[in-house]
Every structure is written in structure tokens, then in C-alpha cells.
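Here is what each chain is made of, one letter per residue.
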Amino acid sequence: MDRPRNWLGARTTILLPVLVAVLSFVTGVVNISAVSISGPLGDLIPRSIQRTAGFTGALTGFTLLVSVVGLRRRLRIAWYATIVLLPVAAVQGLVQNSAVTLPFVGPVPSSAVSIPLVVLSLISLPAMLLNQRRFDRPIDLSTAQLAAGAALLGSLMYGTAGSYALRDDFTNLSTATDAFYYTLVTASTVGYGDVTPQSQQAKLFGMSVVVLGTASFAIALGSLLGPAIEKRLSEALGNMTDAQLDLLENHVLVLGHGDLTEPIIEELTGAIDFVVITPDTETATRLQQQDIAVLTADPSDEEPMQRAGIEDAVAVVAATNDDAQDALAILTAQTLNPEVNIVAAATDRENIEKLRRAGADTVISPAVLGGHLIVQSALGREGMENIADHLLDVNDEDDADI
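Given the structure is predicted, the values throughout are model-derived calculations rather than measurements.

A. Expanded view of the overall build of the protein. When helices and strands are counted, the protein shows 16 helices and nine strands. Taken across its 402 residues, the protein has 41% of its residues classed as buried. At a minimum sequence separation of 6, the contacts of the protein that also span at least 24 residues come to 65%. As displayed, the protein offers around 21,900 Å² of accessible surface, 62% of which is attributable to carbon and sulfur atoms.

B. Molecular detail of the nonpolar core. Within the largest apolar cluster, 25 residues are counted, with the highest numbers of intra-cluster contacts made by Leu253, Leu255, Ile277, Val316 and Ile330. When contributions to this core are tallied by element, the ones reaching two or more residues are β4 (252–255), β5 (274–278), β7 (315–318), α12 (323–336), β8 (341–345) and α13 (352–358). Among the nonpolar cores identified, the runner-up in size contains 20 residues, and Ala21, Val68, Ile83 and Ala89 belong to it.

C. Seen up close, the UniProt feature "transmembrane region" (unreviewed entry) in the protein. Following the UniProt record, the feature "transmembrane region" (unreviewed entry) maps to residues 12–32, 52–71, 78–99, 111–131, 143–166 and 204–225 here. Counted over residues 143–166, helix gives 96% and strand 0%. Its end C-alpha atoms are 34 Å apart.

D. Focus on the environment of leucine 59. Tracing the backbone shows leucine 59 in helix α2 (residues 47–72). Sequence spacing of leucine 59 and phenylalanine 25 is 34 residues, and the spatial spacing of their C-alpha atoms is 7.1 Å.

E. Molecular detail of the packing of aromatic side chains. For the structure shown, the criterion picks out four aromatic pairs. Seen from their ring centres, tyrosine 158 and phenylalanine 205 are 5.3 Å apart, and the 50° between their planes marks the pair as tilted. Within this pair, whereas tyrosine 158 is found in helix α5 (residues 143–165), its partner phenylalanine 205 is found in helix α7 (residues 200–236), the two being separated by 47 residues in sequence. For the pair tyrosine 181 and tyrosine 192, a centre-to-centre distance of 6.2 Å together with 5° between the ring planes defines the contact as stacked. In this pair, tyrosine 181 sits in helix α6 (residues 176–187) while tyrosine 192 sits in the loop between α6 and α7, placing the two residues 11 residues apart along the sequence. For tyrosine 192, a relative accessible area of 58% translates into the label exposed. The aromatic ring of tryptophan 79 is capped on one face by arginine 76, whose charged end is 5.5 Å from the ring centroid.

F. Up close: the pattern of salt bridges. Taken as a whole, this structure holds four salt bridges when the rule is applied. In this structure, glutamate 303 and arginine 307 form a salt bridge, with 3.9 Å as the shortest nitrogen-oxygen distance. In this pair, glutamate 303 and arginine 307 are both assigned in helix α11 (residues 302–307), four residues apart and thus about one turn of the helix distant. Between arginine 356 and glutamate 353 there is a salt bridge whose closest N-O contact spans 3.6 Å. Placement of the pair is arginine 356 and glutamate 353 together in helix α13, with a separation of three residues, close to one helical turn.

G. Fine view of the sheet that holds β4. On the basis of which strands lie adjacent, the open sheet formed by six strands has the order β6-β5-β4-β7-β8-β9 and parallel pairing. Taken across any chain shown, the strands that pair with only one partner, and hence form the sheet edges, are β6 (294–296) and β9 (362–364). If you compare each strand with its neighbour and ignore which way they point, the axes differ by 20° on average. Those strands touched by α12 are β4, β7 and β8, and its axis lies near 180° from that of β8.

H. The environment of isoleucine 352, seen in detail. One can find isoleucine 352 in helix α13. You can call isoleucine 352 buried: its relative accessible area is 17%. It is 7.5 Å that separates the C-alpha atoms of isoleucine 352 and isoleucine 364, two residues lying 12 residues apart in sequence. In contact with isoleucine 352, not counting residues within four places along its chain, are Ala346, Val363 and Ser365.

I. Region of the structure containing a nonpolar patch on the surface. Among the surface-exposed residues, Val22, Phe25, Val26 and Val29 lie close enough to one another that they form a single nonpolar patch of about 300 Å² accessible area. Here valine 29 is to be found in helix α1 (residues 10–32).

J. Representation of α6 in the model. Its 12 residues give α6 an end-to-end C-alpha distance of 16 Å, which sits within 8% of 16 Å, the value for a rise of 1.5 Å per residue. All buried positions along α6 are accounted for by Ala179, Tyr182, Thr183, Val185, Thr186 and Ala187. Of the residues trailing α6, threonine 189 is marked for its positive phi of about 65°.

K. Inspection of unusual backbone geometry at higher detail. Its identity as a non-glycine residue notwithstanding, asparagine 172 has a phi of 60°, on the positive side. By relative accessible area, which is 58% here, asparagine 172 ends up exposed. Positive phi values are uncommon outside glycine, yet threonine 189 reaches one of about 65°. Tracing the chain through its elements places threonine 189 in the loop between α6 and α7. With relative accessibility at 60%, the residue threonine 189 sits in the exposed group.

L. The side chain of threonine 13, seen in detail. Within the secondary structure layout, threonine 13 lies in helix α1. Within the local environment of threonine 13, its side chain forms a polar contact with the side chain of asparagine 131, the two groups lying 3.0 Å apart.

M. Seen up close, the pairing of β5. Counting buried positions over the five residues of β5 gives five, a clear majority of the element. Of the two faces of β5, the one holding Phe274, Val276 and Thr278 and the one holding Val275 and Ile277 are both buried throughout. Sheet analysis places β4 next to β5, joined by four bridges and oriented parallel. Bridge pairing in β5 places leucine 253 opposite valine 275.

Rules of the game
Residues numbered from 1 in each chain as written. Predicted model: local features only at pLDDT ≥ 70, side-chain atom pairs only at ≥ 80, totals over all residues. Heavy atoms only, no water. Helix = DSSP H or I, 4+ residues; strand = E, 2+ residues; numbered from the N terminus. Buried < 20%, exposed > 50% of the residue type's maximum accessible area, 1.4 Å probe, protein only. Contact = heavy atoms within 4.5 Å. Areas by Shrake-Rupley, 256 points an atom, 1.4 Å probe, with all protein chains shown as cover. Core = buried A, V, L, I, M, F, W, Y, C linked by side-chain atoms within 4.5 Å. UniProt positions renumbered as here; feature names shortened; annotations may be inferred. Phe/Tyr/Trp six-rings, centres within 6.5 Å; stacked < 30°, edge-to-face > 60°. Lys NZ or Arg CZ within 6 Å of the ring centre and 35° of its normal. Salt bridge = Lys/Arg side-chain N within 4 Å of Asp/Glu carboxyl O. Pairing = 2+ DSSP bridges. Axes fitted to C-alpha atoms, helices over the stretch in contact; angles between N-to-C directions. Patch = residues over 30% accessible without salt bridge, like charges linked within 9 Å, V, L, I, M, F, W, Y side chains within 5 Å. Expected span 1.5 Å × (residues − 1). Polar contact = N/O pair within 3.5 Å; in protein donor to acceptor, adjacent residues only side chain to side chain.

Put into C-alpha cells, the structure is as follows:
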């Protein structure tokens, strides 16, 4: 089955928001650093709005990058966030489409990045809408992560509300923004010292913010580092990460690993994306060290095939030394995706028909094929030697030596 690659697939859909995020950040930084503004929009948009757009543009770019991380895991909430942020980035690009004067540089047209920002934002939006079905995974937070988020949010709310209520006992604290600023720099242990408690009550409250805030930040940091450590362990054990698996499309699944699998992997490398599913941890680790996509699991189980994206695969190959195991894997693959092209290699020639009945579209017996080539070559059939040499990758120098 030969299917064309989908140029508006998951990779392209994720790449476009990345470019928008980078352009949004660069445009925002350029406008924040501007000394003066001129150009077609310079007289129409107040300076304060221009500066605000620059600050929020950089923030939008950073937030888009965070959303891209969620898109790589195909999270639905990340898709919604990106759909909202792309029009915002386009509007900010229009607001910042003017000429700016930078210190020590002189006049610089910000349109060089703001116009591409608007164009890419408008292109990315329909691409995201067309691929909505790909981002269908609900956010899966552990109890520890939910507790960490609740603790962090609660401590920030406590600090903001308390410091605002005690604003008369603090220096340089008069608004809710000042209260949140004080809570944030205190809980994160930055402590600039520009907002300080003056009364005993305010000092006691400040100490409670330090204790609760630093504890919640530490818990939140631990919940974020945990998945990163798990990722490193998965790679060390020869497993692809969920983010890597989610990006697979138009690829080949190689079910199991055996003597016949090595030449198959060599042929697939560089020709098409593929992933090997094998229960052998040592084999998986070795393949991972060779930069081969691998998943350590039973190749006849449904769960690993679904994780490896069998719905988006173009072909499935089962070629181990165990025909019975291959038959189970083929049966599972055919059940999960009846349209996928399944190719199998039969170690014993009497199992050829059994593998076909299991669901294989094509069954090849290396023993039968090898025997046929040997006999045809022995009988002097024209072209047989060339075919055998090609299959065995024999070069001309070896032929000369023989």
C-alpha cells in the first residue's frame, strides 16, 4: 500500500506554531527596545500600546512555545491554547508593524519580522483546524502534579490577598499588582527588597509567605523534574518517549526482532520512518544506541501497537524466527488497522498459509526464495546471478576475486 506523505500532518502543524512563537518573541523584543516609533502605524497607535504589544508579544511567543510542548504530546488543551494564541500573535504583529529606532543602531523596520509573523499566524490557524482530530488526548496529570499546582496557586493567592490587606504595613505596596509582585519575588526567593514589611504583623505574614511559597515552588519543581527523569530512564532502557511516538505518521512498524530483522532495519534506515517493537530489553537498548526508534513491549499486544501509531502506519513487518509469535502479532495488527499493508516472513515454509490466514497481505519464505535462486543459478538461468548479487550486496571486486 503506497500512501503519499501528508504535508499538513503532525510535524508541519507543530512546526508552524514554533516559527510563529520565535517571530512573536523577536518582534516583541525589538519593540520593547525601541527608542522611538515611526512608519505607517506609528502615528495611529499610541506609544503605550506599542510598548505593551511588544511586552505581550514576547510573552505570547513564550506561551506558544509552552503550547507546542503540549502539541507534541497531542494534548487537546494545548490545541485550544494554540488556536487562541495564533490570532493574538497576528494582531500583535499588526500593532507592531512599524519602523523603530534602536539605541546604537538607528532606524530598523520591524516589519521585517512582524509581517512574516502575521502571515505565518494566519497560515498556522487553518493547519491547526484541519488537524484537530490529531490532538485528542486529554491532559493526564498525576495526583502529585495536581497537588503541586494547587499548592503553588494557593500560596500565591494567600500571599497576594494577605499582603494587599496589610498594604499599609508595607513600603511601596499599594495595589494588587504590587501585592502579587511581592508574593512572587518572596516565594521564589528572589527578594529584591524594594517592598518590605514594617510592622510586626507584616513581618510574621512575610515569614509565612516565605515558608509556604518556597515549599510550593519546590514541590512544583519536583513534579516537573520527575517526568524529565522518567524520560531519561526510558531512553536508557531503550524506549521511545510519548512525545516521539505521538509524532509518528506514514511509518512502518517492525514487530519483533530476530535474525531476519537486521537486514530489514538496514533497508528501512534512511528510506522511511519506522519503529521496532521488541520485548528484549538488551536488544532495545542496543537499537536505541544506534538511533533506531524502538519500543520495549510485547509486539503481539494491542497497547504498544496503539502507542506506536498503527492507525497512521503505512505498513507492518513481522519477520522474527518464531512464526507463531509473528502470527499473533499479525492478527493483532490486522484487527487494529484492517487497511494497513502487512508483510510477513515465514521461517518454516509450511507456515506460509497460516500467516496469510492470520492477516498478512504478503508472506515471503526466505528458505523458499533462497532455494529458488540457488537452483535457478545452478541451471544457468540468465539474470539469476545478478539478482543474487544484488540481494547479497556483492561488489564487483568480490566477483573478480571469485
